[in-house]
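Examination of the molecular architecture
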Amino acid sequence: MYKDLAGHSGDALTLQTWHLPESVQFQVADWFAGRIKAGKTDGSRSVILPGPAKDVLGIKIKGAGYKGGEVRLGTPHRAGPRAPVFDYEGRMMEDVAAGHDNAPSGGASFQQAATEYHMSQLLTRLGYACVPCLGYGRITQAGLTSWFSVFSWTDDWQADLIFPQVSVEAWIIQNHAIGALLIELAIVHDLIGYASYVGLPDGGMLIKDLHPFRMADTINMSQISWVMQVYFGLHIRTNVLKSNALRYRDRGLPPDIHLALCKSFCPEVTQADHDVVRLNIVAPYMISPPAEFAPQRLLDTLHENAITRALLTLCPDRFSRY
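These figures come from a predicted structure and were not determined experimentally.

1. Examining the overall build of the protein chain
- Looking only at helices and strands, the protein chain features eight helices and 15 strands.
- Taken against the 2.2 N^0.38 rule, which gives 20 Å for 322 residues, the C-alpha radius of gyration of the protein chain at 21 Å falls within 12% of a compact globule.
- For the protein chain, the spread of C-alpha atoms along the principal axes amounts to about 60 × 40 × 35 Å.
- Considering the protein chain as a whole, with its 322 residues, one finds that 53% of them fall into the buried category.

2. A short note on the pairing of strand β4 (residues 46-53)
- Taken together, the three bridges between strand β3 (residues 40-42) and β4 define a ladder with antiparallel strand orientation. Bridge assignment links K40 to a residue of β4, and that residue is I48.
- Taking the residues that link successive antiparallel strands as the turn, the β3-β4 hairpin has three residues, and the phi of G43 there is positive, at about 75°.
- Note that β4 and strand β5 (residues 56-62) share six bridges and pair antiparallel. For P50, the partnering residue across the bridge sits in β5 and is G58.

3. Re the side chain of E116
- For E116, the position within the fold is in helix α2 (residues 110-125).
- Those residues in contact with E116 that lie beyond four places of it in its chain are K62, C133, S149, F151, D209, L210 and H211.

4. What about the nonpolar core?
- If you look at the biggest cluster of nonpolar residues, it comprises 63 residues, and the most contacted ones within it are L123, I207, W226, M228, Y231, L234 and F265.
- Among the secondary structure elements, those contributing two or more residues to this core are α2, α3 (168-189), β12 (191-192), α4 (223-247), α5 (260-263), α6 (271-286), α7 (295-304) and α8 (306-314).
- In terms of residue count, the dominant contributor to this core is α4 (eleven residues).
- The residues touching M228, leaving out its near neighbours within four places in the chain, are F86, G90, I281, Y285, M286, L298 and L302.
- Within the second largest apolar cluster, 20 residues are counted, among which are V24, V56, I59 and V150.

5. Some details on α2
- An ideal rise of 1.5 Å per residue puts 22 Å on 16 residues; α2 measures up with 23 Å between its terminal C-alpha atoms.
- Those residues of α2 lying buried are Q112, A113, A114, T115, E116, Y117, M119, S120 and L123.
- Two residues or fewer past α2, G127 is found with a positive phi of approximately 100°.

6. Brief notes about helix α1 (residues 22-32)
- Within α1, burial applies to V24, Q25, Q27, V28, A29, W31 and F32.
- Positioned one or two residues after α1, G34 has a phi angle of 80°, which is positive.

7. A few points about the packing of aromatic side chains
- Using the criterion set out here, one finds ten aromatic pairs in the structure.
- Between Y117 and Y136, the aromatic rings sit 5.8 Å apart at their centres with planes inclined by 55°, giving tilted as the arrangement. Of this pair, Y117 sits in helix α2 while Y136 sits in strand β10 (residues 133-141), and the two are 19 residues apart along the sequence. With respect to burial, Y117 and Y136 carry one shared label: buried.
- Through a chain of ring-to-ring contacts, three or more aromatic side chains come together here, namely W18, F110, Y117, Y136 and W147.
- Over the face of the ring belonging to W153 we find K60, whose NZ or CZ atom lies 4.6 Å from the ring centre.

Thresholds applied
Residues numbered from 1 in each chain as written. Predicted model: local features only at pLDDT ≥ 70, side-chain atom pairs only at ≥ 80, totals over all residues. Heavy atoms only, no water. Helix = DSSP H or I, 4+ residues; strand = E, 2+ residues; numbered from the N terminus. Rg over C-alpha atoms; globule rule 2.2 N^0.38 Å. Buried < 20%, exposed > 50% of the residue type's maximum accessible area, 1.4 Å probe, protein only. Pairing = 2+ DSSP bridges. Contact = heavy atoms within 4.5 Å. Core = buried A, V, L, I, M, F, W, Y, C linked by side-chain atoms within 4.5 Å. Expected span 1.5 Å × (residues − 1). Phe/Tyr/Trp six-rings, centres within 6.5 Å; stacked < 30°, edge-to-face > 60°. Lys NZ or Arg CZ within 6 Å of the ring centre and 35° of its normal.

Structure, rendered in structure tokens:
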């Protein structure tokens, strides 16, 4: 679909979409033209709208605008975290397009929107239950562009499966499942990233938030960079757990709940192991490129820790060893 719209401010606005059903295309066009209001917001850049047809009960637009308003074209999102890529020897580089800082406030980048769609399609074909991504598109106004993705959505889905919305026990089980999922996708399907879940009324879960994923290949990635890329995804997810453990410690949330992800592949992991990873691997090698870098020193550090040592063992043999 290619369509010229009247924007919220009256300026010319161009909308293009890919893969969306026709009824959804018009619903999306009405949203960006300001002809309909959001049913509810989800985070700072998503809106949930009634579905336009019987076969689409509801839709969610990610990259729909800032907190239910307009996309702030020309204003960077600046949310972080950085999206690192690790070269063959394990040195950190930044993938700006995968991170939020390349997107306008309330919007998304081309890479984020397209990756959401293609990952959703791929995982569904592989037999995984995902929030269906119907397609993606872009808006252009005054020479500036923002991208968005569109999902099927229903009101009885629970978007925030985190404590205290769910019990401590349920949150531990969920994050153990996320850890196992991320490891399975990396080992079996060469897909490395991180994701979360949506809860269904019957207790089931759908995978969501797939835009951080990338495909691993043996030409551009070694065992070292495979481990670094996989652990970075686990690090992002453990940060969520760790911050909630601090926030709700007075309500009985275990201080070591963040270990749930790693226990799926490293049952003997301890708090000390995690602290050492943050100190010796995350801080010097993942936050920004190190001033001085030696692959053997990094490899030695990975071998010294139970978590990353387990990942070195799990890395498929097809990835070259240093």
